[in-house]
Amino acid sequence: MAGPVARQFGGARRRLIEELQGKGVRDISVVRAFDLTPRHLFVPTGVQHRAYDDAPLPIGSGQTISQPSVHAKYLQTLALKGTEKVLEIGTGSGYQTVLLAHLAAQVFSVERIAPLLDRARDVIAQCGVTNVSLLLGDGTLGWKAYAPYDAILVSAASPDVPMPLVEQLAEGGRMLVPVGGREEQQLVLVTKRGVRFDREVLSTVRFVPLVGEHGWAENGA
Ligand code: SAH
């Protein structure tokens, strides 16, 4: 990112970064990704003045952009080196997609709500990143054409770990997925080991539902 977009809200973005560092975000490449990503472009104009608060915000279609410190913890846990192929499920605003674009080699992201994906596509282009591919569809099925992935981030909550996503992980690859009820979930780190996978519970989280064939039904069943 360069030019006027980079300078807008620069002070607010620096304060957010200091707040994240105060909350334990130490990974230099993660801090740099936050510095390079203009969160104010990813939220509706009505809440733009709060874009650099460490808070979730509405993004339309009943969905929310997560709290920056939640993205930061996800990204710090994955400890990406910059060489990885990453799959994101739930593009939403596209904010985390751009953070990932600064931390990995290639980012593939799937969203099921067309107006959100259209808007995300525009903002991602404005950010000048060129290593992102987007797909409209049911992310519980993954994105088979580009599998396997070194890392998968699921940004919505599932009743259980979606098996097509495990299948699309590379050997030793890792996936973060919120698993549990519609209100509250456990953030699970899945590591692929041959035909099996390890499962480690990291924390309690609250995400919007993952709606799809291997997630929740639209009507809540
Ligand atoms: N990380 C996003 C937050 C998105 S909220 C951001 O930074 O803005 C979760 C998103 O997951 C919503 O946009 C929702 O529409 C999407 N989602 C839910 N179920 C999905 C599915 N099966 N496939 C793809 N996207 C899904």
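This section reports on the structure supplied with the text. (Residues numbered from 1 in each chain as written. Predicted model: local features only at pLDDT ≥ 70, side-chain atom pairs only at ≥ 80, totals over all residues. Heavy atoms only, no water.)

1. Re the nonpolar core
- By size, the foremost hydrophobic cluster in this structure holds 49 residues, and its most contacted members are Phe34, Phe42, Leu75 and Leu80.
- The residues contacting Leu80, other than those within four sequence positions of it, are Val86, Leu100, Leu103, Ala104 and Ala151.
- Core analysis: the second largest hydrophobic core is formed by 19 residues, Phe108, Tyr149, Ile152 and Val166 among them. (Core = buried A, V, L, I, M, F, W, Y, C linked by side-chain atoms within 4.5 Å. Buried < 20%, exposed > 50% of the residue type's maximum accessible area, 1.4 Å probe, protein only. Contact = heavy atoms within 4.5 Å.)

2. So, the site of the ligand
- What surrounds the ligand is a group of 25 residues, the closest being Ser93, Glu111, Asp138, Gly139 and Val211.
- Relative to its free-state accessible area of 580 Å², the ligand is covered by the protein chains to the extent of 99%.
- Judged by its atoms lying within 2 Å of the grid points, the ligand is housed in the largest pocket.
- Among the elements of the structure, strand E2 (63-65), helix H5 (95-101) and strand E4 (106-111) are those that each provide at least two residues to the shell around the ligand.
- Ranked by residue count, the leading element in the shell around the ligand is E2, at three residues.
- Among the residues forming the shell around the ligand, the class breakdown is ten nonpolar, twelve polar and three charged. (Near = heavy atom within 4 Å. Areas by Shrake-Rupley, 256 points an atom, 1.4 Å probe, with all protein chains shown as cover. 1 Å grid on protein atoms, 1.4 Å probe; cavity = no way out; pocket = protein on both sides within 12 Å on 5 of 7 lines; lining within 4 Å. Sits in = over half its atoms within 2 Å of the grid points. Helix = DSSP H or I, 4+ residues; strand = E, 2+ residues; numbered from the N terminus. Nonpolar A, V, L, I, M, F, W, Y, C, P; charged D, E, K, R; others polar.)

3. Looking at the environment of Gln48
- In this structure, Gln48 sits in the loop between helix H3 (28-36) and strand E1 (57-60).
- When the C-alpha atoms of Gln48 and Phe9 are compared, they prove to be 9.9 Å apart, with 39 residues separating the residues in sequence.
- If we skip the residues at most four places from it in the chain, Gln48 touches Phe9, His40 and Val43.
- Within the structure, Gln48 has its side chain in polar contact with the backbone oxygen of His40 (distance 2.8 Å). (Polar contact = N/O pair within 3.5 Å; in protein donor to acceptor, adjacent residues only side chain to side chain.)

4. Describing the side chain of Thr191
- Along the chain, the position of Thr191 falls in strand E8 (residues 185-193).
- Judged by relative accessible area, which is 9%, Thr191 ranks as buried.

5. Considerations on the pattern of salt bridges
- Under the definition given, this model contains eight salt bridges.
- Linking Glu19 and Lys23 is a salt bridge whose minimum nitrogen-to-oxygen distance equals 3.2 Å.
- For Glu19, a relative accessible area of 34% gives the class partly exposed.
- Owing to a relative accessible area of 42%, Lys23 belongs among the partly exposed residues under this scheme. (Salt bridge = Lys/Arg side-chain N within 4 Å of Asp/Glu carboxyl O.)

6. Focus: the layout of surface pockets
- Computed from the structure, the largest pocket encloses a volume of approximately 750 Å³.
- Along its surface, the largest pocket is lined by 41 residues, and Thr64, Ser66, Ser155, Phe207 and Val208 are the ones closest to its centre.
- Elements with a contribution of two residues or more to the lining of the largest pocket: E2, helix H4 (68-78), strand E3 (85-89), H5, E4 and strand E9 (196-205).
- Per-element tally for the lining of the largest pocket: the top contributor is H4, with five residues.
- Grouping the constituent residues of the lining of the largest pocket by class yields 18 nonpolar, 17 polar and six charged. (Points joined across faces, edges and corners; volume = space filled by probe spheres on them.)

Everything listed is a geometric property; what it means functionally is a separate question.
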